[in-house]
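Report on the structure
Each chain, letter by letter, is given below.
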Amino acid sequence: MEFKKVAVAIALSAGLASFGLQAADNPDSPTANSSTGDFDITLRNEVQMQLFELTDVNLENTDTGATPGDLTGSTKSCVDSNVDNYEVTLVSSNSFNLQAGSGPASGQIPYKLTYSQVGATDQVWGVGGEASGVTAGDFAKDGDINDKACNVALDTKITVDILEADYKDQDVGVYTDTVTVVVSAI
């Protein structure tokens, strides 16, 4: 796979470098009986990626008991592409911490994100995993561009996990974070 990336990068670099250097060649002056010129044809068949089906994950601690338990939620993550495989980068605006917002809440609550797909190795960010902005994984696309149908056999999703120990003694209120998902061809 690394060879493929390097070969594509070299081909693109060569194409871009020659793009500005080569242009149509038209004769400077008339010639007897015929005239010759030439032009280049360039096709840029670029990688196309489309991420869809993400939804907000809302978690609620409504348990008033002494041990409310860990909290878990998830969202689908579906990808259409004209290449077969992709990798994922998750970027958290608060380094995988829910930041206190409204109410008397203060401080932050750490969490873990797991990007999973049937047949692939789970990738983890946040608590016990990768840092914000790290790219990882080798995942299969759901379909071709504009199919817009999640492949249920792949069951691709992003799961949010918050440990009871991390939120149990925090102030009541609303804690939030925004995660940006970037999918890139491999």
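Described in the following lines is the structure provided in the data block. (Residues numbered from 1 in each chain as written. Predicted model: local features only at pLDDT ≥ 70, side-chain atom pairs only at ≥ 80, totals over all residues. Heavy atoms only, no water.)

**A few points about the sheet that holds strand E12 (residues 179-185)**
Working definition: the strands of a sheet are paired by backbone hydrogen bonds and lie parallel or antiparallel to each other. Short version of the rule: A pair of strands counts as paired when DSSP detects no fewer than two bridges linking them. Think of it this way: any DSSP run of H or I at least four residues long counts as a helix, any run of E at least two long counts as a strand, and we number them from the N terminus. To get an axis, a line is fitted to the C-alpha atoms, and for a helix only the part in contact is used. The angle between two axes follows their N-to-C directions and goes from 0 to 180 degrees.
The antiparallel open sheet is built from three strands, whose spatial order is E9-E4-E12. Each edge of the open sheet carries a strand with a single partner, namely strand E9 (135-140) and E12. If you compare each strand with its neighbour and ignore which way they point, the axes differ by 30° on average. Judged from the seven bridges that link them, strand E4 (residues 85-92) and E12 form a sheet pairing that is antiparallel. For Ser 92, the partnering residue across the bridge sits in E12 and is Val 179.

**Points about the state of the cysteines**
Stated formally: Cysteine sulfurs are considered disulfide-paired once they come within 2.5 Å of each other. When accessible area is computed with a 1.4 Å probe and restricted to protein chains, residues below 20% of their type maximum are described as buried, those above 50% as exposed, and intermediate ones as partly exposed.
By the definition in use, this model includes one disulfide. Across the disulfide from Cys 78 sits Cys 150; the S-S distance is 1.7 Å. Because the sign of the S-S torsion sets the handedness, a value of about 105° for the bond joining Cys 78 and Cys 150 places this disulfide among the right-handed ones. Of this pair, Cys 78 sits in strand E3 (residues 78-81) while Cys 150 sits in the loop between E9 and strand E10 (157-162), and the two are 72 residues apart along the sequence. Take Cys 78: its relative accessible area is 3%, and that puts it in the buried class. Residue classification places Cys 150 among the partly exposed positions, given a relative accessible area of 23%.

**Section: the packing of aromatic side chains**
The test is simple: Pairing of aromatic side chains requires ring centres within 6.5 Å, counting the rings of Phe and Tyr and the six-membered ring of Trp. Pairs whose planes differ by under 30 degrees are stacked, by over 60 edge-to-face, and all others tilted.
Within the structure shown, the criterion is met by three aromatic pairs. With centroids separated by 5.8 Å and ring planes inclined at 75°, the aromatic side chains of Phe 96 and Tyr 111 adopt a geometry described as edge-to-face. Of this pair, Phe 96 sits in the loop between E4 and strand E5 (97-100) while Tyr 111 sits in the loop between strand E6 (108-110) and strand E7 (112-116), and the two are 15 residues apart along the sequence. Each member of the aromatic cluster is reached from another via a ring pair, and the members are Tyr 86, Tyr 115 and Phe 139.

**Brief notes about the nonpolar core**
Note that soluble globular proteins tend to have their nonpolar side chains buried in a common cluster. The test is simple: Among buried residues, the Ala, Val, Leu, Ile, Met, Phe, Trp, Tyr and Cys ones that are joined through side-chain atoms within 4.5 Å form a nonpolar core. The contact rule is simple, with two residues in contact once any of their heavy atoms fall within 4.5 Å.
Of all hydrophobic cores here, the largest spans 22 residues; its most connected members are Val 88, Leu 90, Tyr 115 and Ile 162. Those elements that provide at least two residues to this core are E4, E7, E9, E10 and E12. Setting aside residues up to four positions removed in sequence, Val 88 forms contacts with Tyr 115, Trp 125, Val 134, Thr 135, Ala 136, Phe 139, Val 181, Val 182 and Val 183.

**Concerning the pattern of salt bridges**
Defined as follows: Salt bridges are defined as contacts in which a side-chain nitrogen from Lys or Arg sits within 4 Å of a carboxyl oxygen from Asp or Glu.
The tally for this structure, following the rule as stated, stands at four salt bridges. Residue Lys 157 is joined to Asp 155 by a salt bridge in which the shortest nitrogen-to-oxygen separation is 3.8 Å. Taking relative accessible area as the criterion, Lys 157 reaches 28% and is therefore assigned partly exposed. Among the residues examined, Asp 155 registers a relative accessible area of 39% and is labelled partly exposed. Between Glu 164 and Lys 168 there is a salt bridge; the shortest N-O distance is 4.0 Å. Judged by relative accessible area, Glu 164 falls into the buried class, the value being 17%. Each of the salt bridges in this network shares a partner with another, and the network as a whole consists of Asp 84, Lys 141 and Asp 144.

**So, unusual backbone geometry**
One non-glycine residue with positive phi stands out, namely Asn 33, at about 70°. Its place among the elements puts Asn 33 in the loop between helix H1 (2-21) and strand E1 (49-52). Judged by its relative accessible area of 85%, Asn 33 falls in the exposed class. A positive phi angle, near 70°, is found at Asn 146, a position not held by glycine. You can see Asn 146 is positioned in the loop between E9 and E10.

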